[in-house]
Amino acid sequence: MRHIISILMENEPGALSRVVGLFSQRNFNIETLNVAPTEDPTLSRLTVTTIGDDRVIEQITKQLNKLIDVVKLVDLTEGQHIERELMMIKVKAVGAQRAEIKRTTDIFRGQIVDVTPSVFTVQLTGSSDKLNGFIQALGNNTILEVVRTGVSGIARGEKVLSL
Amino acid sequence: MELLSGADMIARFLQDEGVEYIYGYPGGSALHIYDALFRQDKVKHILVRHEQAAAHMADGYARASGKPGVVLVTSGPGATNTITGIATAYMDSIPMVVLCGQVMSHLIGEDAFQETDMIGVSRPIVKHSFSIKHPSEIPEVLKKAFYIATTGRPGPVVVDIPKDMTAPTERYEYLYPKKVKLRSYNPVTRGHSGQIKKAVDMLMKAKRPILFGGGGLILGGASAEFTQLAKTLNIPVTTSLMGIGAFPQTDEQSLGWLGMHGSFEANQAMHHSDLVVCVGARFDDRATNNTAKFCPTAKIVHVDVDPSTIGKTIRVDVPIVGPADSVLREMNELVAQSKQRPDTEALAVWWKQINDWKASRQGRLYEAAQGEQALKPQQVVEAVWEATSGEAYVVTDVGQHQMFAAQYYKFDKPNRWITSGGLGTMGFGFPAAMGIKLNYPEDEVVLITGEGSFQMLLQELSTCKQYDIPVKIINLNNQSLGMVRQWQDLNYKSRHAQSYMESLPDFQKLVEAYGHEAMRVDRLDELKPALEKAFAMKDKLVFLDVYVDPFEHVYPMQIPQGSMRDMLLSKTERT
Ligand SMILES: Cc1ncc(C[n+]2csc(CCOP(=O)(O)OP(=O)(O)O)c2C)c(N)n1
Ligand SMILES: [Mg+2]
């Protein structure tokens, strides 16, 4: 099963490489990964999506918790949560394609954020599924470039991941 | 407050931390630190002949004393030479602090002379690592390094120190930090009472219980509590290879150690038990054999200070995260207060079964060559056990001799059996023995090694000469990489690819060339006199080159992919 693990860690040089190293060292899989500082500049928030059965996920969380730089973590998929990913995608857009792509973008509540006579750059946020859906919906249009942030997530309701 | 340079802070900190010996080797990036050490005389530096040996020396000392070993090396090759030593300590959870020089900060990343990304290289084999960013943070970082290395599940910590951090011209305030706090690191101090109670309940009700102790008992100083629990309840006890000595092996309740080359009765008892209470072992593949077939009828209680160990390789019914000593103390208290008593009738039946297993193997552990003078390695270990009254620190290398030492020396005390269990590092033994002898000069320290392993770091004979470190070395010389050969006999139709030791040196001359004593032993009747002579030379390093049967195999040996009880018992018998 796919899990979203959200980690608060020391904003120290080397901390990220310890987390990433752990995954390769212990043969765990990483689907997506993102990291940035939080409102507290001494802390970074890292979100990783990974796939594994319960036993593997238990090992992943335990091994992550063991890292000295990891302050706290939560498996967001254990509870109600919101997940978002941002994608920017460049598509070839000439002639009739322009209107069609604009329509598809609207349906997915995306925005065209840059335009040239032959190219649209579309920005889209949502769950990874939705982003995948958009790529599929573009169908035969020529995709020139895709960049995705990887998943970020947060628990619903009052639950917080903080010190 | 005092103003000290970074280098002087390091020397001062080590003094304040109560470090007596550090083990190392100098070089460019570490020279400021070496100069600071030169200008004081509290912390003594031992100059090894290869940095790997420095790490193993520190490690040996840590295993025997429970205190952290400290290593000092220069950047680049000095640092990378310690890697095998750090990995060895990491696999067996040994507290160690490794101080590495590094090129000057402004050169980092430029492929400067003797630059290696030591933090990167060592990352997967350290508990944690630090890089010094400013001289003023040295005392606090070092304190954190010692704190992390020694608490919770211990392990090695690397501190990378760019040369400019130790420059003699820059001085900063020094204050010894008595304590440090890390918001992200809080090792557990006690186990969950409910879970502990559940475990005790299960112990009282079990019909075929077994206690299984690991290296965590030794690291956690919990042998006394473990022994008390076993004795009060009259439960059979086994240990992992790393747990040897946590329970007196000459006690009737001891079944010896378990696993690939563990005892027949320990492996049988594990397989048939209905309750395994494991404290401080990690169920690694050499201990469990095929995990799918492991202890099919047993419920498993697992106590460990490291939660990630629990449930990693086998399913656990009652997990208890906590330090071995405090959890066992609580268990003992509960047992004392409880009105419940163990099921003595069931236990009697269980003990009868176990004693039958024990009896069935008596005297068939190895076939001593009848009437012949050719030596069996097992006989030699038994003779060493007798000659040292079972009181020595016994250090080994890796191979058949290691297994024979574990099988035939009987340990009644913790911290006396010193071996590289997790990484299985040939070359570990000699320096580890040196580290112990240096710190325990009054005690007998015996290295049981093989001619293959000893040649990995034998240059340390020179270090022993320099510092008068009179370890006793028993070289079980089978003229081959015996353990490799055994596997080739069993799995490759005796095709002995690269497992011979051709062109062996004349060890006697070699050792004498370094200024030590050496004797060669070929026959049974020479063995005892040679051992007596060797141990009589209290302040001499003595090397006994004992020529033993080159065709011997280590048995029992668990059959790969089998259960605990599936064992080869000799070259011709199996369970
Ligand atoms: C550094 C290292 N290299 C290789 C091995 C693999 N290995 C395990 S046992 C062994 C043979 C050891 O030979 P020796 O020291 O003579 O001991 P014996 O088995 O003959 O008693 C080897 C090569 C190892 N454990 N460590
Ligand atoms: Mg050999």
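Residues numbered from 1 in each chain as written. Chains lettered and ligands numbered in written order. Predicted model: local features only at pLDDT ≥ 70, side-chain atom pairs only at ≥ 80, totals over all residues. Heavy atoms only, no water.

### Concerning the nonpolar core
Residues and elements named next belong to chain B. Quick note on the threshold: Only buried Ala, Val, Leu, Ile, Met, Phe, Trp, Tyr and Cys residues count toward a nonpolar core, and they belong to the same one when joined by side-chain atoms within 4.5 Å. Residue exposure (1.4 Å probe, protein chains only): buried if accessible area is under 20% of the type maximum, exposed if over 50%, otherwise partly exposed. Start and end points for every domain follow an automatic or database-based domain assignment. Note on contacts: a residue pair qualifies if any of its non-hydrogen atoms lie within 4.5 Å across the two residues.
Judged by nonpolar contacts, the single largest core of 51 residues is most densely connected at Tyr23, Val395, Phe430 and Phe454. When we break this core down by domain, the ones giving at least three residues each are domain 1 (2-174) and domain 3 (377-554). Here Tyr23 is in contact with His45, Ile46, Ala54, Met57, Ala58, Tyr61, Val70, Val71, Leu72, Gly435, Leu438 and Asn439, once residues within four sequence places are set aside. In terms of nonpolar packing, the next biggest core, distinct from the first, is built from 37 residues, Tyr366, Ala383, Ala406 and Tyr408 among them.

### Points about the coordination of the magnesium ion (ligand 2)
Residues and elements named next belong to chain B. In plain terms, the rule: Excluding water, the donors of a metal are its N, O and S neighbours within 2.8 Å, or within 3.2 Å for Na, K and Ca, and that exclusion means sites may look incomplete. Secondary structure is summarised from DSSP: a helix means a run of H or I of at least four residues, a strand means a run of E of at least two, and numbering begins at the N terminus for each.
At the metal site, the magnesium ion (ligand 2) is ligated by Glu451 (OE), Glu451 (OE), Asn478 (OD1) and Ser480 (O), and these contacts range over 2.1 to 2.5 Å. Mapped onto the polypeptide sequence, the residues donating to the magnesium ion (ligand 2) form the spacing pattern E-x26-N-x1-S. Of the two residues, Glu451 sits in helix α18 (residues 451-454) while Ser480 sits in the loop between β18 (472-477) and α20 (482-491), which places them 29 residues apart along the sequence. Accessibility classification places Glu451 together with Ser480 in one group, the buried group.

### Some thoughts on the pattern of salt bridges
Going by this rule: The working definition used for a salt bridge is a side-chain nitrogen of Lys or Arg within 4 Å of a carboxyl oxygen of Asp or Glu.
Counted according to the given criterion, the structure contains 32 salt bridges over all chains. Salt bridges sharing partners connect three or more residues here, namely Lys66(A), Arg153(B) and Asp306(B).

### Topic: a nonpolar patch on the surface
Quick reminder of the rule: Patch membership needs two things, relative accessible area over 30% and no salt bridge, and members are linked within 9 Å if like-charged or within 5 Å if nonpolar (Val, Leu, Ile, Met, Phe, Trp, Tyr). Every accessible area reported is derived by Shrake-Rupley at a probe size of 1.4 Å, with residue values counting cover from the shown protein chains alone.
A contiguous nonpolar surface patch, about 250 Å² in accessible area, is contributed by Leu16(A), Val20(A), Ile30(A) and Val35(A). Mapped onto the elements, Val20(A) comes out in helix α1 (residues 15-25).

### Quick notes on unusual backbone geometry
The residue after Tyr555(B), namely Pro556(B), is reached through a cis peptide bond having omega 0°. Mapped onto the elements of the fold, Pro556(B) is located in the loop between β20 (542-547) and β21 (557-558). In the Ramachandran plot, Arg109(A) falls in the positive-phi region, its phi being about 55° despite a non-glycine side chain. Among the secondary structure elements, Arg109(A) is positioned in the loop between α3 (96-107) and β6 (111-115).

### Remarks on the domain arrangement of chain B
Residues and elements named next belong to chain B. Definition in use: Summed over both partners, the accessible surface that disappears when two parts come together, traced with a 1.4 Å probe, is what is meant by buried area. Pairs of N or O atoms within 3.5 Å make up the polar contacts considered here, provided that, within protein, one atom can donate a hydrogen while the other can accept it, and that residues adjacent in sequence are counted only when both atoms are side-chain atoms.
According to the domain assignment, chain B contains domain 1 (2-174), domain 2 (193-361) and domain 3 (377-554). Between the C-alpha centres of domain 1 and domain 2 there is a distance of 38 Å. Taken together, the contacts link seven residues of domain 1 with six residues of domain 2. The largest contributions to the domain 1 side of the interface with domain 2 come from Met91, Asp92 and Arg153, which together make up 64% of the buried area. Run the count over domain 1 and domain 2 and you get one salt bridge. Among the salt bridges present, the one from Arg153 reaches Asp306, with a minimum N-O distance of 2.7 Å. Put simply, domain 1 and domain 2 have two residue pairs in polar contact (both at pLDDT 80 or more) between them.

### Examining the packing of helix α1 (residues 6-16) of chain B against helix α7 (residues 138-150) of chain B
All names here are of chain B. Going by this rule: An axis is simply a line fitted to the C-alpha atoms; with a helix, the fit covers only the stretch in contact. Between two such axes, the angle follows the N-to-C directions and lies from 0 to 180 degrees. The scheme is simple: roughly parallel for angles under 35 degrees, roughly antiparallel for over 145, roughly perpendicular for 65 to 115, oblique for anything else. Crossing handedness is read from the near helix: turned anticlockwise from the far helix by less than a right angle, it gives a left-handed crossing, and turned clockwise, a right-handed one. Gly is put with the polar residues, along with every residue not named as nonpolar or charged; the nonpolar set is Ala, Val, Leu, Ile, Met, Phe, Trp, Tyr, Cys and Pro, and the charged set is Asp, Glu, Lys and Arg.
One can describe the packing of α1 onto α7 by two numbers: an axis separation of 9 Å at closest approach and a directional angle of 40°. Taken together, the axis directions place α1 and α7 in an arrangement best described as oblique. Of the two possible hands of crossing, α1 and α7 adopt the one that is right-handed. Facing Gly6, Met9, Ile10, Phe13 and Leu14 of α1, the residues of α7 in contact are Ile138, Pro139, Leu142, Lys143 and Phe146. In terms of residue class, the contact of α1 with α7 is built from eight nonpolar, one polar and one charged.

### Regarding the site of ligand 1
All names here are of chain B. How we decide: Only a single heavy atom is needed: when it lies within 4 Å of a molecule or strand, its residue is near that molecule or strand.
The local shell around ligand 1 holds 17 residues, among which Gln400, Gly424, Ser453, Asn478 and Gly482 are the closest. Here an oxygen atom of ligand 1 and a backbone polar atom of Gly452 are 3.0 Å apart. For ligand 1, whose free accessible area comes to 590 Å², the fraction covered by protein is 76%. Of all the secondary-structure elements, those providing two or more residues to the shell around ligand 1 are α16 (400-408), α18 and α20. Across the shell around ligand 1, the residue classes break down as six nonpolar, ten polar and one charged.

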